[in-house]
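# Results of the structural survey
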There are 2 protein chains.
Amino acid sequence: MDELITLDYGSGGKKTSRLISGEILPRFSNSALGELGDGAVLPGAAELVFSTDSFVVDPLFFPGGDIGKLAVCGTVNDIAMCGGEAKYLSLSLIIEEGLPRETLGRVLDSVKRAADAAGVIVATGDTKVVERAHGDGLYINTAGIGFLRHPGLSPRNMREGDVVILSGTAGDHGAAVMLARGGLLEAGDAVRSDCAALCALAEALLCSGAEVRCLRDPTRGGVATTLCEFAESSGLGIELRESEIPVRPAVRAACALLGLDALYCANEGKMLAVVSAETADRALEAMRATETGKDSAVIGRVSGADGRVVLRTESGGGRILQKLAGAQLPRIC
Amino acid sequence: MDELITLDYGSGGKKTSRLISGEILPRFSNSALGELGDGAVLPGAAELVFSTDSFVVDPLFFPGGDIGKLAVCGTVNDIAMCGGEAKYLSLSLIIEEGLPRETLGRVLDSVKRAADAAGVIVATGDTKVVERAHGDGLYINTAGIGFLRHPGLSPRNMREGDVVILSGTAGDHGAAVMLARGGLLEAGDAVRSDCAALCALAEALLCSGAEVRCLRDPTRGGVATTLCEFAESSGLGIELRESEIPVRPAVRAACALLGLDALYCANEGKMLAVVSAETADRALEAMRATETGKDSAVIGRVSGADGRVVLRTESGGGRILQKLAGAQLPRIC
């Protein structure tokens, strides 16, 4: 195989076969994918969870992750937030001609590692190549199928008095990608993406006996935007205490440097959960017992029916949070 | 909403909401999608068919179709070729900033029409926007879930003496896109893409009582490449008769003009079926009774175990067909 991916590799002919058999199948070998049919036949279940995301993150590699890990975790997490157990992934690549094969290989290795860690198989896929300056190295789409294990999660279940739990520090992914893009960050620096699969965390919480109203991973738009969506769906307000929201000092400093707000920075390994006040301790205990949830904290409470998210600042003021307006950070995932 | 899609619309914030609620939800309204969760919860089945494709066709609109129709038919067809009944689609957009909203709207209308016609719902989706010169107007990924209705289709079931049926003329899509790209073709011209959903055709054949070994839609790489894949999987040879392969005169002329071979040109609404010789008439009758299969014809036979595809030319010679080498036609779908 050539070192650079050329348009020929997207032709559907010999070179495409070589790309698939040389770079893709060896990594993801499983009986469904090995059929190389147009789709995969899979054991099913009564209720499915189906999700998709395209990933266009720039740069492809950043401290704490890369586009491959992100593409797996993003879709697995979307399924977990719906109460589903992710089972199957599709993997579709849009490659810009000239992408070094070594780069593609590193990304695919990362996809494989992340899929294994999350317990999903890549069951079907597709590969396209576009001309130079019609892409940006590599875009990845994943779609995922999960089986519904915990039905009924919805922000519409929220009630006044419920508590809002965040599974760890806010804004790590967004800050890390922004610094990496600016060339400000070297691998090993203190600001790293939190990119991680949340299936074990969600499962631990949902099996803890806590009354869970809804879950969501605050990716693009960050914690603030996700809570605004919760408030909008439920018609209830949410009151946050700034002092209770964990943010790493290095992320705080990076945000100050870049003019960002950590509450609007994307997370890729964090979960927001709304649970009843009575079962909040049980929920926290279950979440903190997992690797990705060990820094879980109550960050706010559901208030009266005004559909507003209010941040009580450390200085005692109140600030109404709105959904992210415009692009704080394009191509973050 | 602005007339041009800017990076802000991919931010995950307010403008993304506006794009989704203004352009996407009104078109695809259904209860699963309307939840606006991270994924869709769907009634399932015991055995699933799962498929994905990214579409990067250039130009976005061409005689006989557009990227939206293609994105639906491509994935629906992949599922149908596996013996599945397509049920749910995901729809993921990678938009280049500057895409006119009107263009996006036309494509989404086309997606909706094609989805309705094929009996699938768009159950979940995603939207990203990339900077100018990092995309080419619009790329679309669809993934599809179908329920397996006809298990066991595989080229490995092929036997010597089986017949190969093509559901209509070869090469229409590839020729049409190539002419449209060169600006040589006006709408209404004789060369049009065959882009169409094949679910009714596949179902008619699979319910006809014919012994069907395998199905595939010959897209990138065309009829020749797909038959090479069949030969490779089965270890058997295939003998084609050039005079029996239907090609529209206008496509033949266009291929001569462009230096293309219709057998290697992509089709987006054709099916190749291998069936037993004894049930070939029954298969042909069932296929010809459908709209997309009315020009179905036997184009060849499965021969001895040499894994070769040989074309018997009209002048009496024999030409060994190989998989497409290189990019005859990049970005055809």
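Residues numbered from 1 in each chain as written. Chains lettered and ligands numbered in written order. Predicted model: local features only at pLDDT ≥ 70, side-chain atom pairs only at ≥ 80, totals over all residues. Heavy atoms only, no water.

### A word on the interface of chain A and chain B
What counts here: It only takes one pair of heavy atoms within 4.5 Å for two residues to be counted as in contact. Defined in terms of a 1.4 Å probe, buried area is the accessible area two parts forfeit on being brought together, summed over both. The salt bridge definition used is simple: a Lys or Arg side-chain nitrogen within 4 Å of an Asp or Glu carboxyl oxygen.
Across the boundary between the two partners, chain A contributes 74 residues, which contact 73 residues of chain B. The junction of chain A with chain B conceals about 5700 Å² of combined surface from both sides, 55% of it contributed by carbon and sulfur atoms. Our count for the contact surface shared by chain A and chain B stands at six salt bridges. The salt bridge partner of Lys128 of chain A is Asp53 of chain B, with a shortest N-O separation of 3.6 Å.

### Quick look at the domain arrangement of chain A
All names here are of chain A. In plain terms, the rule: The start and end points of each domain follow an automatic or database-based domain assignment. Polar contact criterion, stated in full: a pair of N or O atoms within 3.5 Å, where within protein one must be able to donate a hydrogen and the other to accept it, and residues adjacent in sequence count only if both atoms are side-chain atoms. Helix and strand assignments come from DSSP, with helices taken as H or I runs of at least 4 residues and strands as E runs of at least 2, each series counted from the N terminus. Here the term charged refers only to Asp, Glu, Lys and Arg, the term nonpolar to Ala, Val, Leu, Ile, Met, Phe, Trp, Tyr, Cys and Pro, and the term polar to all other amino acids, Gly among them.
Taken domain by domain, chain A holds domain 1 (39-148) and domain 2 (155-321). Look at where the C-alpha atoms of domain 1 and domain 2 centre, and you get two points 24 Å apart. Each side of the interface is counted separately: domain 1 has 17 residues, and domain 2 has 23 residues. For the domain 1 and domain 2 pair, buried surface summed over both sides reaches about 1600 Å², with 68% attributable to carbon and sulfur atoms. On the domain 1 side of the interface with domain 2, the three residues burying the most area are Pro63, Asn77 and Met81, jointly 39% of the side's total. The tally of links from domain 1 across to domain 2 stands at one salt bridge. The salt bridge involving Asp58 is made with Arg181; its shortest N-O contact spans 3.6 Å. Linking domain 1 with domain 2 are five residue pairs in polar contact (both at pLDDT 80 or more). The element contributing the most residues to the side of domain 1 that touches domain 2 is helix α3 (residues 67-81), with nine residues. Across the side of domain 1 that touches domain 2, the residue classes tally to ten nonpolar, four polar and three charged.

### Remarks on the packing of helix α5 (residues 172-181) of chain A against helix α8 (residues 249-258) of chain A
Residue and element names in this part refer to chain A. Our working rule: Helix axes are fitted to C-alpha atoms over the stretch in contact, other axes to C-alpha atoms as well, and angles between N-to-C directions run from 0 to 180 degrees. Angles are sorted into four bins: roughly parallel if under 35 degrees, roughly antiparallel if over 145, roughly perpendicular if 65 to 115, and oblique for all others. By definition, any crossing whose near helix is turned counterclockwise from its far helix by less than a right angle is left-handed, and any crossing with a clockwise turn is right-handed.
Orientation of α5 relative to α8, taken along the N-to-C sense of each, is 55°, at an axis distance of 10 Å. Between α5 and α8, the crossing angle belongs to the class labelled oblique. As for how α5 packs across α8, the hand of that crossing is left-handed. Across the interface between the two elements, Asp172, Ala175, Met178 and Leu179 of α5 pack against Val251, Ala254, Leu257 and Leu258 of α8. The residue makeup of the contact of α5 with α8, split by class, is seven nonpolar, no polar and one charged.

### With respect to the pattern of salt bridges
Pairing between side chains of opposite charge can happen when the charged atoms of each approach one another. Residue and element names in this part refer to chain B. Applying the stated criterion across every chain, the model contains 40 salt bridges over all chains. We note a salt bridge from Glu239 to Arg312, for which the minimum N-O separation is 3.4 Å. Of this pair, Glu239 sits in strand β9 (residues 237-241) while Arg312 sits in strand β12 (residues 309-312), and the two are 73 residues apart along the sequence. Asp261 is paired through a salt bridge with Arg319; the nearest N and O atoms lie 2.8 Å apart.

### Quick notes on the packing of aromatic side chains
To be explicit about the condition: Here a Phe, Tyr or Trp ring, Trp counted by its six-membered ring, pairs with any other such ring whose centre lies within 6.5 Å, and the pair is stacked when the planes are under 30 degrees apart, edge-to-face when over 60, and tilted otherwise. Two conditions define a charge located above a ring, namely a distance within 6 Å from the ring centre to NZ of Lys or CZ of Arg, and an angle within 35 degrees of the ring normal.
For the coordinates displayed, the defined rule picks out two aromatic pairs over all chains. Look at Tyr88 of chain A and Phe147 of chain A: their rings are 6.2 Å apart centre to centre, the planes differ by 75°, and that puts the pair in the edge-to-face class. With Tyr88 of chain A in strand β4 (residues 84-96) and Phe147 of chain A in strand β6 (residues 138-148), this pair connects stretches of sequence that are 59 residues apart. Here the guanidinium or amino end of Lys128 of chain A rests over the ring plane of Phe55 of chain B, the centre of that ring lying 5.6 Å away.

### Structural notes on the environment of His134 of chain A
Inspection of the secondary structure assignment puts His134 of chain A in the loop between β5 (121-130) and β6. On a C-alpha basis, the gap between His134 of chain A and Glu97 of chain A in space is 8.9 Å, while along the polypeptide they are 37 residues apart. With near-sequence residues (within four places) excluded, His134 of chain A lies in contact with Glu96 of chain A together with Ala133, His134, Gly135, Asp136, Tyr139 and Arg331 of chain B. A distance of 3.1 Å separates a polar atom in the side chain of His134 of chain A from the backbone oxygen of Arg132 of chain A.

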